[in-house]
Amino acid sequence: MSSNEKTIIKFYTAFANADAVTMCECYDSNIQFRDPAFGLLKGHDVFQMWKMLIEKGKGTIKIEFSNVKANEYTGTARWIATYNFSKNNRKVINRIQSQFQFKDGLIIKHTDDFDIWKWSKQAFGFTGQLLGWTGFFHKKIQQQALASLQKYKETKHAN
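All of these numbers come straight from a predicted model, not from anything done at the bench.

Definitions and limits used
Residues numbered from 1 in each chain as written. Predicted model: local features only at pLDDT ≥ 70, side-chain atom pairs only at ≥ 80, totals over all residues. Heavy atoms only, no water. Helix = DSSP H or I, 4+ residues; strand = E, 2+ residues; numbered from the N terminus. Buried < 20%, exposed > 50% of the residue type's maximum accessible area, 1.4 Å probe, protein only. Lys, Arg positive; Asp, Glu negative; His and termini not counted. Salt bridge = Lys/Arg side-chain N within 4 Å of Asp/Glu carboxyl O. Polar contact = N/O pair within 3.5 Å; in protein donor to acceptor, adjacent residues only side chain to side chain. Contact = heavy atoms within 4.5 Å. Axes fitted to C-alpha atoms, helices over the stretch in contact; angles between N-to-C directions. Parallel < 35°, antiparallel > 145°, perpendicular 65-115°, else oblique. Left-handed = near helix turned anticlockwise from the far one by under 90°. Nonpolar A, V, L, I, M, F, W, Y, C, P; charged D, E, K, R; others polar. Phe/Tyr/Trp six-rings, centres within 6.5 Å; stacked < 30°, edge-to-face > 60°. Lys NZ or Arg CZ within 6 Å of the ring centre and 35° of its normal. Pairing = 2+ DSSP bridges.

A.B. asks: Let's hear about the side chain of Asp 35: which residues, and what values?
C.D. replies: As for its placement among the helices and strands, Asp 35 is situated in strand 1 (residues 27-35). One buried charge, Asp 35, has no salt-bridge partner; the nearest side chain with opposite charge is Arg 34, at 8.7 Å. A polar atom in the side chain of Asp 35 sits 2.6 Å from the backbone nitrogen of Phe 38. If sequence neighbours within four positions are ignored, Asp 35 has contacts with Asp 112 and Phe 114.

A.B. asks: Break down the packing of helix 4 (residues 116-124) against helix 6 (residues 135-153) for me, with residues and values.
C.D. replies: Relative to each other, helix 4 and helix 6 sit at 65°, their axes nearing to 11 Å. In terms of their interaxial angle, helix 4 and helix 6 are classed as roughly perpendicular. When you trace helix 4 past helix 6, the crossing you get is left-handed. Seen from helix 4, the contacting residues are Ile 116, Trp 119, Ser 120 and Phe 124; seen from helix 6, they are Phe 137, His 138, Ile 141 and Gln 144. For the contact of helix 4 with helix 6, the residue count by class is 5 nonpolar, 3 polar and no charged.

A.B. asks: Any chance you could break down the packing of aromatic side chains for me, citing the residues and the numbers?
C.D. replies: For the structure shown, the criterion picks out 15 aromatic pairs. Centroid distance Phe 11 to Tyr 27: 5.4 Å. Interplanar angle 55°. Geometry classified as tilted. Here the residue Phe 11 occupies a position in helix 1 (residues 3-16), and Tyr 27 occupies one in strand 1, the gap between them amounting to 16 residues. Taken individually, Phe 11 and Tyr 27 each receive the classification buried, so the pair is uniform in this respect. By way of ring pairs, the aromatic residues Phe 11, Tyr 12, Phe 15, Tyr 27, Phe 33, Phe 47, Trp 50, Phe 65, Trp 79, Phe 100 and Phe 102 are connected into one cluster. Positioned above the aromatic ring of Trp 117, the side-chain terminus of Lys 121 is 4.3 Å from the ring centre.

A.B. asks: Give a detailed account of the sheet that holds strand 2 (residues 39-42), specifying residues and quantitative values.
C.D. replies: Read across the open sheet, the 6 strands follow the order 2-1-6-5-4-3; overall the sheet is mixed. What marks the edges here is a single partner per strand, and that holds for strand 2 and strand 3 (62-70). Within this sheet the neighbouring strands show an average axis-to-axis angle of 15°, counted without direction. Summarising the sheet, strand 5 (residues 91-103) and strand 6 (residues 106-113) pair through 7 bridges and their orientation is antiparallel. The residue bridging Gln 97 from the neighbouring strand is Asp 113, located in strand 6. Sheet strands touched by helix 3 (residues 44-57): strand 1, strand 2, strand 4 (74-84) and strand 6. Its angle to strand 1, the strand with the most contacts, is close to 65°.

A.B. asks: Lay out the pattern of salt bridges in plain terms, naming residues and giving numbers.
C.D. replies: Going through the model one piece at a time under the given rule, you end up with 3 salt bridges. When the shortest N-O distance is used, the salt bridge between Asp 45 and Lys 153 registers 2.7 Å. In this pair, Asp 45 sits in helix 3 while Lys 153 sits in helix 6, placing the two residues 108 residues apart along the sequence. Across the pair Lys 62 and Glu 64 runs a salt bridge, and its minimum N-O distance is 3.9 Å. Its relative accessible area of 47% is what places Lys 62 among the partly exposed residues. Using a relative accessible area of 36% as the deciding quantity, one classes Glu 64 as partly exposed.

All we've got here are geometric facts, nothing functional implied.
This is the structure in structure tokens:
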């Protein structure tokens, strides 16, 4: 097993244990993260996103990961997040494919990809089924996610 595979396993094991501090130790300080919900986040905002998601999950997020592969520069993993969506308590099972780039043994770039329409149908029900495939709805999801992160950062918890 490569050292970068160990880093990915450390990251997802920490996530499964609701340990945002250890998750963030796997990242370079100049981390770039991208996913369909938040879009592109950089540096400290990435750390705050994970802290916020773990806090909002209140210990109820179930994380399963598999197919961890990495070489000296890149890596991949599949993971499943099962949780209740915070806005309406609807159950979501999100299947995610992750890609990583490494620098000096730390993750410098992390991209999560998932089907935003499938996610929308679970998170928003009928509205997500009707509109979840549209660019308008994707933009609205991203705006809400970023607004939630901004609000979190303004609290005492964002230290």
